[in-house]
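# Tertiary structure, described
Residues per chain are reported as follows:
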Amino acid sequence: MTRNRWLKPLVFLAALLPVALLAYSGFMADLGANPIEEITHQTGWWTLTFLLITLSVTPLRKLTKQYWLIQYRRMLGLFAFFYGTLHLMTYLWLDQFFDFSAILKDVYKRPFITAGFTAFVLMVPLAMTSTKWAIRKMGKRWQALHRLIYFSALAGVIHFIWLVKKDIREPLIYFAIFSGLMLYRFGTWIAPRLGRSSPPVAAD
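Described below are features of the structure shown in this document. (Residues numbered from 1 in each chain as written. Predicted model: local features only at pLDDT ≥ 70, side-chain atom pairs only at ≥ 80, totals over all residues. Heavy atoms only, no water.)

## Overview of the packing of helix α3 (residues 73-95) against helix α5 (residues 111-128)
Two elements in contact, α3 and α5, have axes separated by 10 Å at closest approach and are oriented at 135 degrees. It follows from the interaxial angle that α3 and α5 lie oblique. When you trace α3 past α5, the crossing you get is left-handed. Two secondary-structure elements touch here, α3 through L78, A80, F81, G84, T85, L88, Y91 and L92 and α5 through I113, F117, F120, M123, V124 and A127. Taken together, the residues of the contact of α3 with α5 sort by class into 12 nonpolar, 2 polar and no charged. (Axes fitted to C-alpha atoms, helices over the stretch in contact; angles between N-to-C directions. Helix = DSSP H or I, 4+ residues; strand = E, 2+ residues; numbered from the N terminus. Parallel < 35°, antiparallel > 145°, perpendicular 65-115°, else oblique. Left-handed = near helix turned anticlockwise from the far one by under 90°. Contact = heavy atoms within 4.5 Å. Nonpolar A, V, L, I, M, F, W, Y, C, P; charged D, E, K, R; others polar.)

## With respect to the side chain of T58
Looking at the element boundaries, T58 is found in helix α2 (residues 35-64). Classification of T58 as buried rests on a relative accessible area of 15%. The residues contacting T58, other than those within four sequence positions of it, are I70 and R73. (Buried < 20%, exposed > 50% of the residue type's maximum accessible area, 1.4 Å probe, protein only.)

## So, the pattern of salt bridges
Scanning the model with the defined rule gives 2 salt bridges in all. Between D106 and R110 there is a salt bridge whose closest N-O contact spans 3.1 Å. Taking relative accessible area as the criterion, D106 reaches 11% and is therefore assigned buried. Measuring nitrogen to oxygen at the nearest pair gives 2.7 Å for the salt bridge that ties D167 to R169. (Salt bridge = Lys/Arg side-chain N within 4 Å of Asp/Glu carboxyl O.)

## With respect to unusual backbone geometry
Phi angles above zero are rare outside glycine, and K65 is one such case at about 60 degrees. With respect to the secondary-structure elements, K65 resides in the loop between α2 and α3.

## What about a nonpolar patch on the surface?
A cluster of nonpolar side chains, namely M89, W93, F98 and F100, defines an oily patch on the protein surface of about 420 Å² accessible area. Counting through the fold element by element, W93 comes out in helix α3. (Patch = residues over 30% accessible without salt bridge, like charges linked within 9 Å, V, L, I, M, F, W, Y side chains within 5 Å. Areas by Shrake-Rupley, 256 points an atom, 1.4 Å probe, with all protein chains shown as cover.)

## Considerations on the side chain of T47
Looking at the element boundaries, T47 is found in helix α2. Ignoring any residue separated from it by four or fewer positions in sequence, one finds T47 in contact with A80, Y83, G84, H87 and M123.

## Some points on the packing of aromatic side chains
When we look at a pair of aromatic rings, we describe it by the centre distance and by the angle of the planes. For the structure shown, the criterion picks out 13 aromatic pairs. Through a chain of ring-to-ring contacts, three or more aromatic side chains come together here, namely F12, W45, W46, F50, F79, F82, Y83, F160 and Y174. Above the plane of the ring of Y72 lies K8, whose end atom (NZ or CZ) is 6.0 Å from the centre. (Phe/Tyr/Trp six-rings, centres within 6.5 Å; stacked < 30°, edge-to-face > 60°. Lys NZ or Arg CZ within 6 Å of the ring centre and 35° of its normal.)

## Digging into the environment of L76
In this fold, L76 is placed in helix α3. Exposure remark for L76: the relative accessible area of 10% places this residue in the buried category. With residues near it in sequence (within four places) discarded, L76 still touches V11, F50, I53, T54 and V57.

In C-alpha cells:
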C-alpha cells in the first residue's frame, strides 16, 4: 500500500514528461525545420508506445507475479488516448486548419491516415468506459468491449508502417512487440483448452 501511494504519482508524472518536453521544445523554438511534423511524429510515437505498454501490463503481471501492476493499466491506457488526442488535434488543427473537406479527401486517398483514424476511433469507447462506474455497470461486457485495444494497437502499427516509406525498421520493431504480445495472449487462451481436450492416459 505504501509503495503504491508514492509510485502511482511518479508513474503519472513520468507519463506526462513527453508532452512537457515537447511543450518546452516548442517554447524554446527547438522543434526543427518542420515543427508541425515533429509534434505529429512525437505524439503519434507516444500514442503507440503507451498502447503497447498498456497491453504489456497483463503479461508482465502474470510472468513476474507482481499482481499489483494491474492498478496501472487503466491509467496507462488513458495516457495512450491522451497522446492519441494530441496527435489527432495536431493533424486536424495545425496541419489541416479544420478543413474537413480536405481531411475527408486525405482519409479516402491516404490509407495510413485511414488506419490512424481507425486506431483513434477504437480508443474512444475505451476511454469513455474507463471509470469504476462503467466497469461495475457493464460487468462482463466491459471486458469484451476493452478487447478493442488489440484492434486499436494493430491499426496504430499499420498506420506507422504505411506512414514510413523507406526505413521501416522502427515500425517493424513495434510490429514485432505487438506480435509477441498477441502470441502470448493466444498461448494463454489456447493452453487451458488443449489441456481439457487431451484424452486421459491409460494406466499400464
